[in-house]
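Structural overview
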Amino acid sequence: MKKAIAILLAAAAIFSSVNASAQDKWVFNHLGIGVSAGLDGFGADLIVPITPFFQLRGGYAMQPLSYDIEQAKFNPNMSKANGDVWNLNQDIVPRVQANLDAAHLFLDIYPGKKTGLHFTVGAYYGMHPENGGPYRLTTTEPLGIDEEDKGSVGVVLNEEEGRKITTDKDGNLMLDISLGNPLAEKYGIPANIYPYAGIGFGRNLSRHRIGFSMDLGVIYSGRLGLNGYDYSREATAGVQNVPIHAADLQALKEINDGSFAGIVDKIAPYYEKAESLPVTPVLKFNLTFRLF
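Presented here is a report on the structure given in the accompanying data block.

Procedures and definitions
Residues numbered from 1 in each chain as written. Predicted model: local features only at pLDDT ≥ 70, side-chain atom pairs only at ≥ 80, totals over all residues. Heavy atoms only, no water. Helix = DSSP H or I, 4+ residues; strand = E, 2+ residues; numbered from the N terminus. Buried < 20%, exposed > 50% of the residue type's maximum accessible area, 1.4 Å probe, protein only. Polar contact = N/O pair within 3.5 Å; in protein donor to acceptor, adjacent residues only side chain to side chain. Contact = heavy atoms within 4.5 Å. Phe/Tyr/Trp six-rings, centres within 6.5 Å; stacked < 30°, edge-to-face > 60°. Salt bridge = Lys/Arg side-chain N within 4 Å of Asp/Glu carboxyl O.

Another point: the side chain of Asn286. Along the chain, the position of Asn286 falls in strand β20 (residues 279-290). The class for Asn286 is buried, based on a relative accessible area of 3%. For Asn286, the side chain forms a polar contact with the side chain of Asp215, separated by 2.8 Å. Beyond its immediate sequence surroundings of up to four residues, Asn286 is in contact with Val35, Ser36, Arg57, Asn204, Gly211, Phe212, Ser213, Met214 and Asp215.

Before going further, it helps to spend a moment on the packing of aromatic side chains. Summed over the entire model, instances satisfying the criterion amount to four aromatic pairs. Both rings, one in Phe106 and one in Tyr124, keep their centres 5.5 Å apart while their planes meet at 75 degrees; by these two values the pair is edge-to-face. With a gap of 18 residues between them, Phe106 in strand β10 (residues 100-109) and Tyr124 in strand β11 (residues 117-126) connect regions that are remote in the sequence. Its relative accessible area of 1% is what places Phe106 among the buried residues. Aromatic side chains Tyr124 and Tyr196 sit 6.0 Å apart centroid to centroid with 80 degrees between the ring planes, which places their arrangement in the edge-to-face category. Residue Tyr124 is found in strand β11, and its partner Tyr196 is found in strand β16 (residues 193-201); the two are separated by 72 residues along the sequence.

Let us now look at the pattern of salt bridges. A full pass over the atoms with the stated rule returns five salt bridges. A salt bridge links Lys284 to Asp40; the nearest nitrogen and oxygen atoms lie 3.2 Å apart. Taken as a pair, Lys284 in strand β20 and Asp40 in the loop between β1 (32-38) and β2 (41-51) lie far apart in primary sequence, 244 residues in all. Here Lys284 matches Asp40 in class, with each residue buried. Among the ionic pairs, Arg57 bridges to Asp108, the shortest N-O distance being 2.8 Å. Of the two residues, Arg57 sits in strand β3 (residues 54-63) while Asp108 sits in strand β10, which places them 51 residues apart along the sequence. For the pair Arg57 and Asp108, a shared accessibility class is recorded, and that class is buried. Connected through salt bridges with shared partners, the residues Arg57, Asp108 and Asp215 form a single ionic network.

As C-alpha coordinates, then:
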(Lines give C-alpha, C1' and ligand atoms only; values in the text may rest on other atoms or scores of the structure.)
Protein backbone atom coordinates (compact mmCIF):
# COMPACT_ATOMS: atom_id res chain seq x y z
CA MET A 1 0.00 0.00 0.00
CA LYS A 2 2.80 2.42 0.92
CA LYS A 3 4.54 1.62 -2.40
CA ALA A 4 1.35 2.34 -4.34
CA ILE A 5 0.90 5.68 -2.56
CA ALA A 6 4.53 6.56 -3.20
CA ILE A 7 4.15 5.75 -6.92
CA LEU A 8 0.99 7.88 -7.19
CA LEU A 9 2.68 10.79 -5.42
CA ALA A 10 5.70 10.50 -7.69
CA ALA A 11 3.48 10.41 -10.79
CA ALA A 12 1.57 13.47 -9.57
CA ALA A 13 4.85 15.30 -8.93
CA ILE A 14 6.14 14.44 -12.42
CA PHE A 15 2.88 15.55 -14.06
CA SER A 16 2.89 18.80 -12.07
CA SER A 17 6.49 19.42 -13.09
CA VAL A 18 5.76 18.77 -16.76
CA ASN A 19 2.64 20.91 -16.63
CA ALA A 20 4.47 23.77 -14.92
CA SER A 21 7.29 23.71 -17.43
CA ALA A 22 4.82 23.63 -20.31
CA GLN A 23 2.68 26.61 -19.33
CA ASP A 24 3.73 28.60 -22.38
CA LYS A 25 4.52 25.70 -24.69
CA TRP A 26 1.07 24.15 -25.18
CA VAL A 27 2.21 20.69 -24.03
CA PHE A 28 -0.81 18.86 -22.56
CA ASN A 29 -1.72 21.97 -20.57
CA HIS A 30 -5.01 22.85 -22.30
CA LEU A 31 -8.24 20.98 -22.95
CA GLY A 32 -10.96 21.58 -25.48
CA ILE A 33 -14.25 20.00 -26.47
CA GLY A 34 -15.81 20.02 -29.90
CA VAL A 35 -18.99 19.11 -31.73
CA SER A 36 -19.07 18.16 -35.39
CA ALA A 37 -21.38 17.35 -38.27
CA GLY A 38 -20.50 15.78 -41.59
CA LEU A 39 -20.47 12.67 -43.72
CA ASP A 40 -19.34 10.62 -40.71
CA GLY A 41 -22.38 11.74 -38.69
CA PHE A 42 -22.85 13.98 -35.66
CA GLY A 43 -20.02 13.78 -33.16
CA ALA A 44 -18.18 15.08 -30.10
CA ASP A 45 -14.44 15.34 -29.39
CA LEU A 46 -11.91 15.95 -26.64
CA ILE A 47 -8.85 17.90 -27.83
CA VAL A 48 -5.43 18.32 -26.22
CA PRO A 49 -2.30 20.06 -27.58
CA ILE A 50 1.02 18.19 -27.68
CA THR A 51 3.03 21.21 -28.89
CA PRO A 52 1.98 24.23 -30.95
CA PHE A 53 2.52 21.97 -33.97
CA PHE A 54 0.50 18.91 -32.90
CA GLN A 55 -2.96 18.37 -31.45
CA LEU A 56 -4.70 15.14 -30.50
CA ARG A 57 -8.42 14.62 -31.03
CA GLY A 58 -10.46 11.69 -29.78
CA GLY A 59 -14.18 11.31 -30.11
CA TYR A 60 -17.27 9.52 -31.28
CA ALA A 61 -19.73 10.10 -34.14
CA MET A 62 -23.09 8.58 -34.97
CA GLN A 63 -26.10 9.18 -37.22
CA PRO A 64 -29.17 7.19 -36.13
CA LEU A 65 -31.50 8.72 -38.73
CA SER A 66 -34.01 7.09 -41.03
CA TYR A 67 -36.11 8.20 -44.00
CA ASP A 68 -39.11 6.46 -45.54
CA ILE A 69 -39.18 6.54 -49.34
CA GLU A 70 -42.39 6.98 -51.31
CA GLN A 71 -44.52 3.85 -51.46
CA ALA A 72 -43.55 1.58 -54.34
CA LYS A 73 -45.10 -1.44 -56.01
CA PHE A 74 -43.11 -4.56 -55.19
CA ASN A 75 -43.57 -7.18 -57.89
CA PRO A 76 -40.74 -9.62 -57.24
CA ASN A 77 -39.69 -12.70 -59.09
CA MET A 78 -37.85 -14.52 -56.33
CA SER A 79 -36.80 -18.12 -55.73
CA LYS A 80 -37.78 -20.46 -52.94
CA ALA A 81 -35.33 -22.94 -51.47
CA ASN A 82 -36.86 -25.73 -53.55
CA GLY A 83 -36.42 -23.76 -56.78
CA ASP A 84 -40.04 -22.66 -57.14
CA VAL A 85 -40.67 -19.07 -58.19
CA TRP A 86 -42.36 -16.93 -55.59
CA ASN A 87 -44.33 -13.93 -56.81
CA LEU A 88 -46.20 -11.31 -54.82
CA ASN A 89 -47.72 -8.06 -55.98
CA GLN A 90 -47.37 -5.97 -52.81
CA ASP A 91 -47.15 -2.30 -51.92
CA ILE A 92 -44.15 -1.55 -49.73
CA VAL A 93 -42.49 1.53 -48.23
CA PRO A 94 -38.67 1.21 -48.40
CA ARG A 95 -36.74 2.82 -45.56
CA VAL A 96 -33.25 4.28 -45.72
CA GLN A 97 -31.65 3.94 -42.30
CA ALA A 98 -28.30 5.37 -41.20
CA ASN A 99 -26.24 3.16 -38.89
CA LEU A 100 -23.11 5.29 -38.60
CA ASP A 101 -21.54 4.53 -35.24
CA ALA A 102 -17.76 4.92 -34.83
CA ALA A 103 -15.06 6.19 -32.49
CA HIS A 104 -12.05 8.03 -33.91
CA LEU A 105 -8.58 9.19 -32.92
CA PHE A 106 -6.84 11.92 -34.95
CA LEU A 107 -3.44 13.60 -34.84
CA ASP A 108 -3.52 17.11 -36.33
CA ILE A 109 -0.19 18.37 -37.68
CA TYR A 110 0.26 22.16 -38.08
CA PRO A 111 3.17 23.44 -40.24
CA GLY A 112 3.35 26.69 -38.21
CA LYS A 113 2.60 27.83 -34.67
CA LYS A 114 -0.29 30.02 -35.76
CA THR A 115 -1.38 28.54 -39.06
CA GLY A 116 -4.86 27.09 -39.41
CA LEU A 117 -3.91 24.75 -42.22
CA HIS A 118 -3.25 21.28 -40.87
CA PHE A 119 -2.77 17.70 -41.97
CA THR A 120 -4.53 14.90 -40.13
CA VAL A 121 -3.80 11.19 -39.74
CA GLY A 122 -5.72 8.75 -37.60
CA ALA A 123 -8.33 6.03 -37.69
CA TYR A 124 -12.01 5.24 -37.20
CA TYR A 125 -13.17 2.24 -35.21
CA GLY A 126 -16.58 0.75 -36.10
CA MET A 127 -18.43 0.27 -32.81
CA HIS A 128 -21.31 -1.97 -33.91
CA PRO A 129 -20.61 -3.57 -37.31
CA GLU A 130 -23.41 -6.08 -36.66
CA ASN A 131 -25.89 -3.25 -37.33
CA GLY A 132 -24.87 -3.21 -41.00
CA GLY A 133 -24.51 -0.07 -42.97
CA PRO A 134 -23.30 2.61 -42.64
CA TYR A 135 -26.54 2.99 -44.59
CA ARG A 136 -29.27 0.37 -44.91
CA LEU A 137 -32.20 0.07 -47.34
CA THR A 138 -34.89 -2.14 -45.84
CA THR A 139 -38.58 -2.90 -45.97
CA THR A 140 -40.60 -1.25 -43.21
CA GLU A 141 -42.91 -4.26 -42.86
CA PRO A 142 -42.31 -7.98 -43.46
CA LEU A 143 -43.13 -9.26 -46.92
CA GLY A 144 -46.31 -11.30 -47.20
CA ILE A 145 -44.73 -14.72 -47.50
CA ASP A 146 -45.46 -17.97 -45.70
CA GLU A 147 -43.81 -18.45 -42.32
CA GLU A 148 -41.81 -21.47 -43.49
CA ASP A 149 -40.39 -19.50 -46.43
CA LYS A 150 -39.01 -16.62 -44.37
CA GLY A 151 -35.23 -16.67 -44.44
CA SER A 152 -35.11 -18.75 -47.63
CA VAL A 153 -37.00 -16.80 -50.30
CA GLY A 154 -34.51 -14.65 -52.17
CA VAL A 155 -33.15 -13.02 -55.29
CA VAL A 156 -30.66 -15.17 -57.19
CA LEU A 157 -27.71 -12.99 -58.22
CA ASN A 158 -25.62 -15.70 -59.84
CA GLU A 159 -27.11 -19.17 -60.20
CA GLU A 160 -23.83 -20.87 -61.13
CA GLU A 161 -22.06 -19.51 -58.04
CA GLY A 162 -25.09 -20.07 -55.83
CA ARG A 163 -25.08 -16.42 -54.78
CA LYS A 164 -28.39 -15.01 -53.61
CA ILE A 165 -29.86 -12.63 -51.06
CA THR A 166 -32.86 -13.66 -48.98
CA THR A 167 -35.29 -12.16 -46.51
CA ASP A 168 -34.39 -12.50 -42.84
CA LYS A 169 -36.28 -14.77 -40.44
CA ASP A 170 -38.92 -12.08 -39.97
CA GLY A 171 -39.57 -11.70 -43.70
CA ASN A 172 -37.75 -8.38 -44.18
CA LEU A 173 -35.45 -7.78 -47.14
CA MET A 174 -32.46 -5.50 -46.59
CA LEU A 175 -29.49 -4.12 -48.50
CA ASP A 176 -26.55 -2.28 -46.94
CA ILE A 177 -24.39 0.39 -48.48
CA SER A 178 -21.33 -1.03 -46.82
CA LEU A 179 -17.60 -0.56 -46.40
CA GLY A 180 -15.01 -3.27 -46.75
CA ASN A 181 -12.76 -4.25 -43.86
CA PRO A 182 -9.28 -4.18 -45.46
CA LEU A 183 -7.15 -4.50 -42.33
CA ALA A 184 -9.06 -7.62 -41.29
CA GLU A 185 -9.27 -9.09 -44.79
CA LYS A 186 -5.65 -8.46 -45.80
CA TYR A 187 -3.76 -8.49 -42.52
CA GLY A 188 -5.95 -10.49 -40.16
CA ILE A 189 -6.47 -7.67 -37.65
CA PRO A 190 -9.64 -8.71 -35.77
CA ALA A 191 -11.24 -5.27 -35.55
CA ASN A 192 -13.16 -2.82 -37.69
CA ILE A 193 -10.37 -0.23 -37.93
CA TYR A 194 -10.32 2.19 -40.86
CA PRO A 195 -7.23 4.41 -41.36
CA TYR A 196 -7.93 8.08 -42.13
CA ALA A 197 -5.85 10.82 -43.75
CA GLY A 198 -6.87 14.33 -44.70
CA ILE A 199 -6.32 18.05 -44.72
CA GLY A 200 -8.03 20.64 -42.57
CA PHE A 201 -8.56 24.36 -42.22
CA GLY A 202 -8.72 26.12 -38.85
CA ARG A 203 -7.20 25.37 -35.45
CA ASN A 204 -9.25 22.96 -33.38
CA LEU A 205 -7.66 24.36 -30.21
CA SER A 206 -6.28 27.91 -30.17
CA ARG A 207 -5.78 30.84 -27.81
CA HIS A 208 -9.34 31.89 -28.63
CA ARG A 209 -12.10 30.32 -26.57
CA ILE A 210 -14.17 29.33 -29.62
CA GLY A 211 -12.88 27.98 -32.88
CA PHE A 212 -14.23 26.65 -36.16
CA SER A 213 -12.55 24.15 -38.47
CA MET A 214 -13.22 21.91 -41.44
CA ASP A 215 -11.87 18.46 -42.31
CA LEU A 216 -11.61 16.98 -45.79
CA GLY A 217 -10.14 13.51 -46.16
CA VAL A 218 -10.60 9.87 -46.99
CA ILE A 219 -11.12 6.63 -45.08
CA TYR A 220 -9.29 3.56 -46.34
CA SER A 221 -12.34 1.32 -46.60
CA GLY A 222 -11.27 -1.23 -49.21
CA ARG A 223 -14.54 -0.90 -51.13
CA LEU A 224 -17.81 0.99 -51.07
CA GLY A 225 -20.74 -0.97 -52.38
CA LEU A 226 -23.99 -2.79 -51.81
CA ASN A 227 -24.15 -5.80 -49.54
CA GLY A 228 -26.99 -8.29 -49.04
CA TYR A 229 -27.52 -11.29 -46.79
CA ASP A 230 -28.29 -14.96 -47.29
CA TYR A 231 -30.14 -16.47 -44.30
CA SER A 232 -30.85 -19.81 -45.98
CA ARG A 233 -27.78 -21.47 -44.45
CA GLU A 234 -27.89 -19.70 -41.08
CA ALA A 235 -28.29 -22.94 -39.10
CA THR A 236 -25.20 -24.60 -40.60
CA ALA A 237 -22.87 -21.82 -41.75
CA GLY A 238 -24.34 -18.66 -40.24
CA VAL A 239 -25.76 -15.65 -42.07
CA GLN A 240 -23.73 -15.08 -45.24
CA ASN A 241 -22.66 -11.59 -46.30
CA VAL A 242 -23.18 -11.29 -50.05
CA PRO A 243 -21.37 -8.44 -51.88
CA ILE A 244 -23.47 -7.16 -54.77
CA HIS A 245 -21.33 -6.30 -57.78
CA ALA A 246 -22.14 -4.15 -60.81
CA ALA A 247 -23.06 -7.23 -62.84
CA ASP A 248 -25.67 -8.15 -60.21
CA LEU A 249 -27.68 -4.95 -60.51
CA GLN A 250 -29.88 -6.31 -63.29
CA ALA A 251 -31.12 -9.06 -60.97
CA LEU A 252 -32.05 -6.43 -58.39
CA LYS A 253 -33.77 -4.30 -61.00
CA GLU A 254 -36.06 -7.14 -61.98
CA ILE A 255 -37.63 -7.44 -58.52
CA ASN A 256 -39.45 -4.17 -59.07
CA ASP A 257 -40.68 -2.45 -62.20
CA GLY A 258 -41.33 0.95 -60.63
CA SER A 259 -39.27 3.53 -58.78
CA PHE A 260 -36.68 1.05 -57.52
CA ALA A 261 -35.86 -0.01 -61.06
CA GLY A 262 -35.42 3.67 -61.94
CA ILE A 263 -32.98 4.11 -59.06
CA VAL A 264 -30.96 1.12 -60.26
CA ASP A 265 -30.79 2.56 -63.77
CA LYS A 266 -29.45 5.84 -62.42
CA ILE A 267 -26.74 4.38 -60.21
CA ALA A 268 -25.61 1.60 -62.56
CA PRO A 269 -23.16 3.76 -64.62
CA TYR A 270 -21.41 4.96 -61.45
CA TYR A 271 -21.57 1.85 -59.31
CA GLU A 272 -18.77 -0.06 -60.98
CA LYS A 273 -16.41 2.89 -60.48
CA ALA A 274 -17.50 3.43 -56.87
CA GLU A 275 -17.07 -0.26 -56.09
CA SER A 276 -13.46 -0.21 -57.26
CA LEU A 277 -12.50 2.84 -55.16
CA PRO A 278 -10.48 1.79 -52.09
CA VAL A 279 -11.38 4.95 -50.14
CA THR A 280 -14.51 6.69 -48.85
CA PRO A 281 -14.65 10.51 -48.65
CA VAL A 282 -15.14 12.44 -45.40
CA LEU A 283 -16.22 16.06 -45.07
CA LYS A 284 -16.98 17.43 -41.63
CA PHE A 285 -17.33 20.78 -39.84
CA ASN A 286 -16.19 21.29 -36.26
CA LEU A 287 -17.12 23.86 -33.62
CA THR A 288 -14.62 23.80 -30.73
CA PHE A 289 -14.44 25.32 -27.25
CA ARG A 290 -11.26 25.70 -25.18
CA LEU A 291 -12.07 24.96 -21.54
CA PHE A 292 -8.70 26.06 -20.12
